[in-house]
Amino acid sequence: MDANTPAPAVRASDLRKRFNGTNAVDGASFEVEEGAILALLGPSGCGKTTALRLVAGFETPDAGSIEVGGKVVAGRGRWTPPERRRVGMVFQDYALFPHMTVRRNVAFGLGGARSRLPWGAGRLGDTRQARRVDEALELVGLSHAGDKMPHELSGGEQQRVALARALAPNPPAALLDEPFSNLDAALRVRVRSEVRDILREAGCAAIWVTHDQEEAFLLADRVGVMLAGRVQQIGPPGEVYATPRTLEVAAFLGDANIVDGEADGAFVTTALGRLPTRSPANGRVKVVVRPETIRVEPKEAGLTPAYVAAREFYGHHQVVLLDGPGGKRLRARMGPAVPIIPGEDVSIAVIGTVSVFPCD
């Protein structure tokens, strides 16, 4: 890194952690710049929550190092306890204290939960603390709710209280562990956009752990795909989706039709036709064809034949299940208004380029 380049808000290098002989995190490396959002995206059991807990200081790494704001907080012979790392944590279940008001819950992030209320009782520390609590509540749009108890709030409001508590100390980074898993689908869509905007306004870097691909692509500046304890690929959402580095990443991200092919440079020959590749390759390969790149047409001689086995309607789009050449089951995604009838014979074509990976 150039000497004039600011240090990332958080940098994790080659983190490793084992539980009962099993690798939970196996050489994971990632970083997030100041003010940016990184999503650690992966299936259950891939190690993403353990990686977040290592950054927070709730777990001790077996190997590797962690830096926060350019300072080493774990590894290289150093260890900084969680309360001194200056990272805010938003838990999956919010972890609000049910016997404390909203204001006192937020104050806990400033070490104020043990102080006597009312606020501003003449001591300078209390006055500053009260001001910062008010600022944090205003940031998340809950200035009116300071005297309420957590059970009086909706799930989305409780989530914002947890975020206010995490942001109250002005940390260089906030860590969010599956923060919307307890919300219903409609509320989740609204609240996640609110939280993203709050993080942007606060200028706080964030590491966001999720298994929800739509959420990761929507909210993050960069997505790190985590599989089997490692960050397999990291980059802007569009880049990671369009140009997966491995077949495993390609198969995990969205729907992926995987077919066999024979590559010869910039093209690959498959049962779906001769297709242009995103990168040159030669020999036997696996070809990833995204559902949105399959065009379904009325049956026509000279095009690839297919049979419509079923149709899945999702409102804003539909997925058509096709039996292609050799009985290969394919998925095609298209708009809801395209007339598709299960049981009919159609023709299909692949548009755009495809990703290819060596068979070995």
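Heads up: the structure comes first, above all this text.
Residues numbered from 1 in each chain as written. Predicted model: local features only at pLDDT ≥ 70, side-chain atom pairs only at ≥ 80, totals over all residues. Heavy atoms only, no water.

Q: Please clarify how the overall build of the protein chain should be interpreted in this entry.
A: Check the secondary structure of the protein chain and you find 8 helices and 19 strands. Along the longest, intermediate and shortest principal axes, the C-alpha atoms of the protein chain span 85 × 45 × 40 Å. The long-range share in the protein chain, meaning contacts at least 24 apart out of those at least 6 apart in sequence, stands at 63%. Surface summary for the protein chain: the accessible area is close to 17,000 Å², and the carbon and sulfur share equals 51%. Where the 43 positive side-chain charges of the protein chain centre and where its 42 negative ones centre are 6 Å apart. (Helix = DSSP H or I, 4+ residues; strand = E, 2+ residues; numbered from the N terminus. Contact = heavy atoms within 4.5 Å. Areas by Shrake-Rupley, 256 points an atom, 1.4 Å probe, with all protein chains shown as cover. Lys, Arg positive; Asp, Glu negative; His and termini not counted. Charge placed at Lys NZ, Arg CZ, Asp CG, Glu CD.)

Q: Where do I start with the environment of Val72 in this structure?
A: With respect to the helices, strands and loops of the structure, Val72 is situated in strand 5 (residues 71-75). Ignoring anything within four residues of it in the chain, the contact list for Val72 reads Ile66, Glu67, Arg78 and Thr80.

Q: Any chance you could explain the packing of aromatic side chains here in plain terms?
A: The geometry of two aromatic rings is summed up by the distance between their centres and the angle between their planes. For the structure shown, the criterion picks out 4 aromatic pairs. Measuring from ring centre to ring centre gives 4.8 Å for Phe97 and Phe108, while their planes differ by 55 degrees; the resulting arrangement is tilted. Residue Phe97 is found in the loop between strand 7 (87-90) and helix 2 (102-108), and its partner Phe108 is found in helix 2; the two are separated by 11 residues along the sequence. Pairing Phe180 with Trp208 gives two aromatic rings, centres 5.4 Å apart and planes at 55 degrees, and the pair type is tilted. Within this pair, whereas Phe180 is found in the loop between strand 8 (173-177) and helix 5 (185-202), its partner Trp208 is found in strand 9 (residues 205-210), the two being separated by 28 residues in sequence. Its relative accessible area of 1% is what places Trp208 among the buried residues. Geometry around Trp79 places Arg85 over its ring, the cationic atom sitting 4.5 Å from the centre. Positioned above the aromatic ring of Tyr241, the side-chain terminus of Arg290 is 4.3 Å from the ring centre. (Phe/Tyr/Trp six-rings, centres within 6.5 Å; stacked < 30°, edge-to-face > 60°. Buried < 20%, exposed > 50% of the residue type's maximum accessible area, 1.4 Å probe, protein only. Lys NZ or Arg CZ within 6 Å of the ring centre and 35° of its normal.)

Q: Looking at this structure, I do not really get the layout of surface pockets. What am I missing?
A: Sizing a probe to match a water molecule and rolling it over the atoms shows the empty space that remains. Roughly 560 Å³ of volume is contained in the largest pocket. Taken together, 17 residues line the largest pocket, and the ones lying closest to its centre are Glu83, Val87, Gly88, Met89 and Gly109. Of all elements in the fold, only strand 7 and helix 4 (155-167) reach the threshold of two or more residues within the lining of the largest pocket. In terms of residue count, the dominant contributor to the lining of the largest pocket is strand 7 (3 residues). Of the residues in the lining of the largest pocket, the class split is 12 nonpolar, 2 polar and 3 charged. (1 Å grid on protein atoms, 1.4 Å probe; cavity = no way out; pocket = protein on both sides within 12 Å on 5 of 7 lines; lining within 4 Å. Points joined across faces, edges and corners; volume = space filled by probe spheres on them. Nonpolar A, V, L, I, M, F, W, Y, C, P; charged D, E, K, R; others polar.)

Q: Just checking my understanding: could you explain helix 4 for this structure?
A: In an α-helix there are 3.6 residues to a turn, and that puts residues three or four apart on one side. The terminal C-alpha atoms of helix 4 lie 19 Å apart, and with 13 residues this matches the ideal 18 Å at 1.5 Å per residue to within 8%. Helix 4 sits mainly inside the fold: 12 of its 13 residues count as buried. (Expected span 1.5 Å × (residues − 1).)

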